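Observations on chain architecture
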Amino acid sequence: MITFILNNKTIKTSENSGMTLLDFARYQQRLTGTKIGCREGDCGACTVLVGTLKNDNVEYQSITSCISPLGNAHGKHIVTVEGTNLQIKLTTAQNAMKSNYATQCGFCTPGFVVALTGFALSNSNHNYENALNAISGNICRCTGYKSIERAANEVVEKLQDKKENTFEWLIQNEFIPDYFKNIPQRLKDIEAKDLDQPKGKYVAGGTDLYVQQADNLIDNSVRLIAEKEYLKGISIKNGSCSIGTNATVSDLWNHSELNSYFPNFKKHLKLVSSEQIRNMASLGGNLVNASPIGDMTIFFLALNSDITVLKPDQSERTLALKDFYQGYKTYDLKEGELLKAISFELPSQQSYFNFEKVSKRTHLDIASVNSAIHISVDNDKISEAHVSVGGVAAIPKYLHETSKFLTGKSLTSKTILEASDILQNEISPISDVRGSSDYKRLLARQLFFAHFTESFPKQFTLNDFVQHA
Amino acid sequence: MHKKKTYTALESKKNEVSNALKKSIRNLDSYTHVRGESLYVDDVNIRQGTFHAVVFNSPKAHGKIKHIDYSKAEALEGVERIFTYKDIPGENQIGGIIADEPLFAEDEVHFWGMPIALIVAESEFIARKARQLIDIEIEDLPVITTAKDAKEKGSFINAPRSFSLGDTEKAFEECDYVFEGETFSNGQEHLYIEAQGAYAEPLENGNIKITSSTQGPTAVQATAARVLGVAMHKIEIDVTRLGGGFGGKEDQATPYAVMTALATYHLNQSVKLILNRHDDLRMTGKRHPYESSYKIGLSKDLKILAYQAEFLQNSGAAADLSPAIAERTLFHATNSYFIPNVSTTVLSCKTNLPPNTAFRGFGGPQGMFVIESAIAKAASEIGVSPREIQEANLLEENDEFYYGQIAKQVEAKNAWHSAKTLFNIEALEKEVEDFNLKNKNFKKGLALMPITFGISFTNTPMNHARALVHIYLDGSVGISTAAVEMGQGVNTKIMQVAAHVFSIPIEKIKIESTNTTRVANTSPSAASATADLNGKATLKACKALLERLKKVASEELNAPEKDIHLKDEFVYVNDKKSTLNWTELISKTMLKRVALTENAHYATPEIHFDKTKEKGHPFAYHVYGTAIVTTTVDCTRGTYEFDSVKIIHDYGKSMSEGIDLGQVEGGLVQGIGWMTLEEIAYNEDGRLLSNALSTYKVPDVFSVPKSIEAIPLETQGHEQAILKSKAVGEPPLMYGIGAYFALQNAIKAFNPNYKLEFHAPMTAEKVLMALYQNP
């Protein structure tokens, strides 16, 4: 029995755990404010909030309900736009949308309202930048966003007085209705036990599986693993890091210690989907999706990561991530095996990490080419280098030859230009909807150069590598 | 000194805008929109026993159907019935302008996604499962995907159209400069967030009511009647609102509504069909891709003396609205410029893509892109800035548009010079220049984009509308018109008209759903003209009622009618407030047995067009404006951002500043999307590759210009605009064309070898390839 609180109502249902949360809310509960735009997490019209009990608090995150399995709501507080409504008055977020003319046809509007409400509920800094991040997964085809930006700005201003993350303040200031204050206790009272898990497809966040094969999941049983504790956690010890595969991209984003090791961590992760998707997408899912352009895969390949695999008999085996991929969408994982964790050496004082991604649209898009580098430099000599690049081969590509070539060389533009030629020999892009093969070759070269201009801005400029200008 | 003055002028204009926005009316649906309580087709409470439908559509772009086996699908539990062309009691025909499009394919399929059958089942999920069980065998026929290919093979929708003025042949001989070239502008997916959908319910006596997400209720009604072989009065269409339309639901909402009606007709049961996004993307037509060629001739002083263009419109597999769209391409082929010798031709090329259809701008943007390309090319060859050519040729009062209309109340130069002065173009250009000198990895580019857009359906007979206004016993008012609300705020404007005439608060007014039983034989909500046409009809109806009310008041207060007026819910006599208030007046009127309902008809005066001569006066008026677009290109990655778009726009006397600004900003961003990141791709077999939101990208919050400033042009408005508030839906889209040329200028600043190409959209791919192009 899946048990959770939907807005102000406790739900006990025996529906398939693989049914989407969207369908349950819209068609079983007639909460039609949650709209269907794309059913692949790309438009945000179906955005809802998920509240998770953490100690005595409930922490809220926005997700796209269209690619979220109902079973993942178990033990949570799910909030649709109706659940944010006050009796008659508009909430602060709603009022900001209305008074700034930020709603035209209205179809995307509930998604924006929920995302902005989630922003108000979140622990993140209530600045304008974060407000935009909160709505980064919401597409509006009418307004051109300027009015929505103005609304977001108004919400930010109204949040400036908020001192603590207390529901009382948000209730008093009309961000949320007052039933929220009872939610922590109600969630505790539910005592949601682990769901009985049938055999079936492993599903974590569902962000890729529900895009690719929703029809095969909604009436079949799924094995939900998003809440499994043994797949969670980020630990840092002696310069190395181990991350459970259930960690979401947002878990990484919010991890302050990780941020200290990767100075541009948020800038890089901002290129990975939208906030809604980052809140759902698990690291393990990104790895086993085996997309040749999986952003996190490319990221961790350059960190020369190892992955730990949990076998059906509960024993474990470890292998290098770069050896995991065997061909297009095939990898070294046997029936019943599960990715447990990924581990890698963190960047040090002498090493530089950079991630690059170019897609048709800069945000919430799949890369044409992405690339990462982790390079250690000692007295202008490259002591170690790992380069990865995506979108240019059947698998997410670790560049063995290029990495090997760089190692031991002096850090000069000549080295980089020579390495760039080797890179070109290692890749074999095809023409598709994300770009022609010529483009991807050029882009791979440019992003390789960008690694050096970004990592060593005093030493290199674009002019050291290319003509013109 | 001069600089400071300009700055102050801009600041004070911006203050005016900001003050107007504080006071301006909000979209009347805002309250329910933000609460998630507004109802769209898929939200309507459905009747018990409602069936759900999914369309089985062609997996090939062109071929002969050899064999279809539905038996496995029909056997699936929960499948009620599968309908094909054989089940059509009337005509299997949905073509609006030309009868060339079947509802369901019979022996041949003509595009990938062409409807073949409707699967009706207990749930959409079951219907979808059943769809996978249908076996179909198609014998391939040759596939045409490009307009050029169609032209070579002689595949056309209809005869070409040509407009002309003067003698281009002769004029070219007299030109100092003549340039020729080719351009391409790709299609564009509407991406209304609410996909196509309809819900049909059986009424008694075989009557059917369809709730449809359509911009054209009458088109749905007439087509349903034709397909079912019943009289139009048996079909009722009701529309509350659309979750976006942009032209995509002008004609192409029809087939899905008709399919639900067909199933309801046979099953005597309610049927709902909401396309999922993938089906919608694959099956529906888009903005037309155009392949065009031009020849432009100029004098030494940069006057364009002659312009010739041939437009190859990729119409898709059936006419849909293509002929009308082609016509508008010709109307706007010279954009904001007066050119004494022009000859243009458009060919609607029949291909194996889904029938392409209306999209904000309706062919106008495609025509404007070509002349702007020609100017950019000429400027580059001559070695001047494009804006010198643009400026030297702007329309003036009493110039003749090359289709015969004499330009009146022209604001082209006014808008252009206001933009230049107010935004200090010299300073902006200097900024770009300085930046480009200093920066090697990033380059900026700037472009100006003037627009002139004609308002009216170019098909003159369509320029009419009706309004039905009831004043109820308690003084509240209900208004029905032909206008369909799709976010453009037309209902709010109509409400304002009534509030203005009666001088009552808007809370007393309700705008009813758009329903064919209340307002019949309507034109679609399109051509930017919906508020003008329906607003004028409402104005007429309200004024007629007002006259009746005044007569009653005059009798009650014993004062001459001419001295009476209504203000703030009271009757005033000679500007003196009487004790008679609105509610009492209505009550008295009722007791006197005077009608409190009025039905008014409005038809745009003066307009006409003679298609045999291709001359006339097709537009009620024109909308003008100028945009300045600035971009920054990352020369390492080929990515770009738009720093700012600064616009002077001709709203006339805006009656709803907030709503109108929303149209300008939204239209601009949609136009930039078309010109930059929205890329539709079909493979050679005619299969859509950009078939999901993961592969077709529209602007998101991060990809829009960092700043958009839109300042109203001070004008008197136009009598034929509703309360002098000019139409605003389509024109701003074309400011987005400036984005293309701003990007080109930035690329040129990095790569002097770059050879100008006019091939939109300018994706990050094209930018990077151009930055490193080395001929």
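Residues numbered from 1 in each chain as written. Chains lettered and ligands numbered in written order. Predicted model: local features only at pLDDT ≥ 70, side-chain atom pairs only at ≥ 80, totals over all residues.

A word on the overall build of chain B. Across its full length, chain B carries 20 helices and 30 strands. Since a compact globule built from 775 residues should have a radius of gyration of about 28 Å, the 27 Å found for chain B is in line with a globular shape. Projecting the C-alpha coordinates of chain B onto the three principal axes gives extents of approximately 80 × 75 × 50 Å. Taking all 775 residues of chain B together, the buried fraction comes to 60%. Summarising the internal contacts of chain B: among those between residues at least 6 apart in sequence, 80% fall at separations of at least 24. (Helix = DSSP H or I, 4+ residues; strand = E, 2+ residues; numbered from the N terminus. Rg over C-alpha atoms; globule rule 2.2 N^0.38 Å. Buried ≥ 20, exposed ≤ 12 C-beta atoms within 10 Å, placed from the backbone. Contact = placed C-beta atoms within 7 Å.)

Take the sheet that holds strand S16 (residues 369–378) of chain A next. All names here are of chain A. Strand order in the open sheet formed by 4 strands is S15-S16-S17-S18, and the pairing between neighbours is antiparallel. Edge positions in the sheet fall to strand S15 (351–358) and strand S18 (397–398), since each has one partner strand and no second. As paired strands, S16 and strand S17 (residues 381–390) are joined by 9 bridges and run antiparallel to one another. Pairing of Ser 371 across the sheet is with Val 389, part of S17. Against the sheet, helix H15 (residues 295–302) touches S15, S16, S17 and S18, its axis set at about 20° to S16. (Pairing = 2+ DSSP bridges. Axes fitted to C-alpha atoms, helices over the stretch in contact; angles between N-to-C directions.)

All names here are of chain A. Note on placement: Tyr 325 falls in strand S12 (residues 325–327). Under the C-beta neighbour-count criterion, Tyr 325 is labelled buried, with 23 such atoms within 10 Å. Sequence separation between Tyr 325 and Ala 25 is 300 residues; the distance between their C-alpha atoms is 38 Å.

Overall, the prediction assigns chain B a mean pLDDT of 97, with 99% of residues at 70 or greater. In the predicted complex, the global pTM is 0.97; the interface-specific ipTM is 0.97. (pLDDT = per-residue confidence, 0-100.)

With that settled, the discussion passes to the interface of chain B and chain A. Of the residues lining the interface, 66 residues belong to chain B; the matching set on chain A comes to 65 residues. Listing elements by their share of the side of chain B that touches chain A, those giving two or more residues are helix H2 (30–35), helix H18 (657–675) and helix H20 (764–771) of chain B. The greatest single-element share of the side of chain B that touches chain A, amounting to 8 residues, is contributed by H18(B). Among the residues forming the side of chain B that touches chain A, the class breakdown is 28 nonpolar, 22 polar and 16 charged. (Nonpolar A, V, L, I, M, F, W, Y, C, P; charged D, E, K, R; others polar.)

Here the focus is the domain arrangement of chain B. All names here are of chain B. Assigned domains of chain B: these are domain 1 (41–141 + 196–274), domain 2 (290–458 + 611–771) and domain 3 (464–603). Relative placement of domain 2 and domain 3: their C-alpha centres are 39 Å apart. Opposite the 17 residues of domain 2 that make contact, domain 3 presents 16 residues. Looking at the side of domain 2 that touches domain 3 residue by residue, the classes come out as 11 nonpolar, 5 polar and 1 charged. (Domains from an automatic or database assignment.)

What follows covers the sheet that holds strand S9 (residues 240–244) of chain A. Residue and element names in this part refer to chain A. In spatial order, the strands read S8-S9-S14-S10-S11; together these 5 strands make up an open sheet with antiparallel pairing. Each of the sheet's edge strands pairs with one partner strand only, and the pair in question is strand S8 (234–237) and strand S11 (316–320). Each adjacent strand pair in this sheet contributes to an overall mean axis angle of 20°, direction not counted. The pairing of strand S10 (residues 306–310) with strand S14 (residues 338–345) spans 5 bridges and is antiparallel. Counted as the bridge partner of Ile 307 is Ile 342 from S14.

One broad trend across soluble globular proteins is that nonpolar side chains are buried collectively. Core analysis: the biggest nonpolar cluster contains 388 residues, and A:Leu116, B:Ala53, B:Ile119 and B:Ala261 have the highest contact counts within it. Excluding its chain neighbours within four sequence positions, the residues that come into contact with B:Ile119 are B:Ala53, B:Val54, B:Phe56, B:Ala73, B:Val79, B:Ile82, B:Ala127, B:Ala130 and B:Arg131. (Core = buried A, V, L, I, M, F, W, Y, C linked by C-beta atoms within 7 Å.)

Under the UniProt annotation, "domain: Aldehyde oxidase/xanthine dehydrogenase a/b hammerhead" (unreviewed entry) lies at residues 35–142 of chain B. In residues 35–142 of chain B, helix accounts for 13% and strand for 31%; the two terminal C-alpha atoms are 51 Å from one another. (UniProt positions renumbered as here; feature names shortened; annotations may be inferred.)

Along the chain, the position of B:Gly638 falls in the loop between strand S27 (621–634) and strand S28 (640–649). Given 24 C-beta atoms within a 10 Å radius, B:Gly638 is considered buried. Each C-alpha atom of the pair B:Gly638 and B:Asn774 lies 15 Å from the other, and the pair is 136 residues apart in sequence. Other than its neighbours up to four places away in sequence, B:Gly638 contacts A:Val358, B:Ala764, B:Val767, B:Leu768 and B:Leu771.

On to unusual backbone geometry, then. Between B:Ala760 and B:Pro761 the backbone carries a cis peptide bond, its omega angle lying at 5°. Structurally, B:Pro761 is set in the loop between strand S30 (759–760) and H20. Despite not being glycine, A:Arg30 has its phi angle at roughly 55°, a positive value. Note that A:Arg30 resides in the loop between helix H1 (21–28) and strand S3 (47–54). The class for A:Arg30 is exposed, based on 10 C-beta atoms found within 10 Å. Despite not being glycine, A:Asn238 has its phi angle at roughly 45°, a positive value. As for its placement among the helices and strands, A:Asn238 is situated in the loop between S8 and S9.

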